[in-house]
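Topology and contacts: notes
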Amino acid sequence: MTAHRPLRTAGDLVEAGLIDASTEEAISRVASRYAIAISPVVAGLIDRADPQDPIARQFVPDAAELTLTPEERADPIGDGAHSPVTGIVHRYPDRVLLKAVHVCPVYCRFCFRREMVGPQGLGTLTPSELDAAIAYIADHSEIWEVILTGGDPLVLSPRRLGEILERLGAIDHVKVVRFHTRVPVVEPHRVDADLIAALKSSGKATYVALHANHPRELTPEARAAAARLIDSGIVMVSQSVLLKGVNDDPEVLAELMRAFVETRIKPYYLHHPDLAPGTSHFRLTIEEGQALVASLRGRVSGLCQPTYILDIPGGHGKAVISAGAIEAEGGGCYTVTDFRGNEHAYPPQG
Ligand code: SF4
């Protein structure tokens, strides 16, 4: 059955044949904690005959999300520790996140901001919060890049996006604007002339980082949406999360990276899964991740090599964790060094 509107409840999922009616009650409990949304495009990509379908695994809730483990945390990458004003995360000197909206067209079951996004999440910045966030950027001349994330900034209307972008465009020291989004994959028809004009309306160098985790997400429609962005002068990079049961396979990973490059999207980050609540069924070990990343070397074009990174819990930023970059200390423990040179235990102790 093809849905014509996003699936948002356990009942919707039963009706669409994506979960069994016997699991509806457990999935309703998941839904009361973590938002559900599966766009019609994504619902149409799911192979209902495959109980291990990697698209379903990313978007269809699972009762395993009710299982919390001690190392998990509500704010796994520590946004809160670096938020000087609502909607801004200023973790690194030369760039900030601007989280204008905490809504997404789909809700990924492994989302690192799952406690913040969705109808019960942090919502959209109010006009005065947005004013304060933009004033913060204007007041900090060291901010060279603004990264619009959230949530998915491309859920905003072109008019709203354009208003924000024009205000960023008036700030001289901001030279680069980047968007983190899943829209070209999950709602490719939304990438139209109005949206593209809005994305470019700052007049700055404009980058779009596309989040996709499995090669089947790069459909002809998604590739065409990316081509419209790139042909307009926007640069695209990828970001993916290494996920058990989705892309923890050398062939799948190679195919995903090749699909990005074929689409003129440069593979950028491959994230180790974060310690988000109720996501242990997605997590693999760093050692397993390193072996998968190493499997790409030599076998697949240099253009297809992403950087394997960990967001250090607590808000200490990213660390490269490919083999050779960090050494295991036994028992699955590592010491990771943040960009300031400080060392942190991973997984975090206590
Ligand atoms: S699109 Fe990003 S912010 Fe939204 S649910 Fe997925 S991972 Fe989370």
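Residues numbered from 1 in each chain as written. Predicted model: local features only at pLDDT ≥ 70, side-chain atom pairs only at ≥ 80, totals over all residues. Heavy atoms only, no water.

1. So, the domain arrangement of the protein chain
Many analyses report the size of an interface as the accessible area lost when the parts associate. Domain assignment breaks the protein chain into domain 1 (8–64) and domain 2 (77–318). One C-alpha centre belongs to domain 1, the other to domain 2; they are set 24 Å apart. Between domain 1 and domain 2, the contact holds 26 residues from the first and 30 residues from the second. A combined buried area of about 2,200 Å² lies between domain 1 and domain 2, and 54% of that area is made up of carbon and sulfur atoms. (Domains from an automatic or database assignment. Contact = heavy atoms within 4.5 Å. Buried area = accessible area lost by both parts, 1.4 Å probe.)

2. Things to note about the sheet that holds strand 5 (residues 205–211)
Spatially, the 9 strands line up as an open sheet ordered 1-2-3-4-5-6-7-8-9, and their pairing is mixed. Among the strands making up the open sheet, the edge pair consists of strand 1 (88–92) and strand 9 (318–320). Neighbouring strand axes in the sheet, compared pairwise and without regard to direction, differ in orientation by 25 degrees on average. In terms of strand pairing, strand 4 (residues 176–181) meets strand 5 through 6 bridges, oriented parallel. Each residue of the ladder has a partner; that of Val176, found in strand 5, is Ala205. Docked against the sheet, helix 6 (residues 158–169) engages strand 2 (95–99), strand 3 (145–149) and strand 4, running at close to 165 degrees with respect to strand 3. In the packing of helix 10 (residues 250–262) onto the sheet, the strands contacted are strand 5, strand 6 (235–241) and strand 7 (266–271), and the crossing angle to strand 7 comes to about 140 degrees. (Pairing = 2+ DSSP bridges. Helix = DSSP H or I, 4+ residues; strand = E, 2+ residues; numbered from the N terminus. Axes fitted to C-alpha atoms, helices over the stretch in contact; angles between N-to-C directions.)

3. Structural notes on the UniProt feature "modified residue: N6-(pyridoxal phosphate)lysine" (unreviewed entry) in the protein chain
According to UniProt, the "modified residue: N6-(pyridoxal phosphate)lysine" (unreviewed entry) feature falls on Lys318. Sequence-distant contacts of Lys318, defined by excluding residues within four places in its chain, comprise Tyr92, Tyr269, His271, Ile309, Leu310 and Asp311. (UniProt positions renumbered as here; feature names shortened; annotations may be inferred.)

4. Side note on the site of the ligand
Close to the ligand lie Cys104, Val106, Tyr107, Cys108, Cys111, Gly151, Arg182 and His211. Among the residues forming the shell around the ligand, the class breakdown is 5 nonpolar, 2 polar and 1 charged. (Near = heavy atom within 4 Å. Nonpolar A, V, L, I, M, F, W, Y, C, P; charged D, E, K, R; others polar.)

5. A few points about the packing of aromatic side chains
On inspection of all chains with the given rule, the structure shows 3 aromatic pairs. Ring centres of Tyr268 and Tyr269 lie 4.0 Å apart, and the angle between their planes is 20 degrees; this geometry places the pair in the stacked category. Of the residues examined, Tyr268 reaches a relative accessible area of 28% and is grouped as partly exposed. A relative accessible area of 18% means that Tyr269 is categorised as buried. The ring centre of Tyr34 lies 3.7 Å from the NZ or CZ of Arg114, which sits over that ring. (Phe/Tyr/Trp six-rings, centres within 6.5 Å; stacked < 30°, edge-to-face > 60°. Buried < 20%, exposed > 50% of the residue type's maximum accessible area, 1.4 Å probe, protein only. Lys NZ or Arg CZ within 6 Å of the ring centre and 35° of its normal.)

6. Some details on the side chain of Arg113
By the secondary structure assignment, Arg113 is in the loop between strand 2 and helix 5 (127–139). Among the polar contacts made by the side chain of Arg113, one reaches the side chain of Thr149 at a distance of 3.5 Å. Not counting residues within four places of it along the chain, the set of residues in contact with Arg113 comprises Ile77, Asp79, Leu97, Lys99, Thr149 and Gly150. (Polar contact = N/O pair within 3.5 Å; in protein donor to acceptor, adjacent residues only side chain to side chain.)

7. What about the pattern of salt bridges?
Counting across every chain of the model gives 21 salt bridges. For Glu145, the salt bridge identified is with Arg178, shortest N-O distance 2.8 Å. One end of the pair, Glu145, is in strand 3; the other, Arg178, is in strand 4, with 33 residues separating them in the sequence. The pair Glu145 / Arg178 is uniform in exposure class, with both members buried. Counted as one network, the salt bridges with shared partners bring together Asp79, Arg91, Lys99 and Arg113. (Salt bridge = Lys/Arg side-chain N within 4 Å of Asp/Glu carboxyl O.)

8. As for the UniProt feature "binding site: [4Fe-4S] cluster" (unreviewed entry) in the protein chain
Mapped onto this numbering, the UniProt entry annotates "binding site: [4Fe-4S] cluster" (unreviewed entry) at Cys104, Cys108 and Cys111. With respect to the element layout, Cys108 can be found in the loop between strand 2 and helix 5. Overall, Cys108 belongs to the buried group, its relative accessible area being 11%. Discounting chain neighbours no more than four positions away, the residues touching Cys108 are Gln58, Phe59, Arg182 and His211. The contact partners of Cys111, leaving out residues within four places of it in the chain, are Val117 and Ala276.

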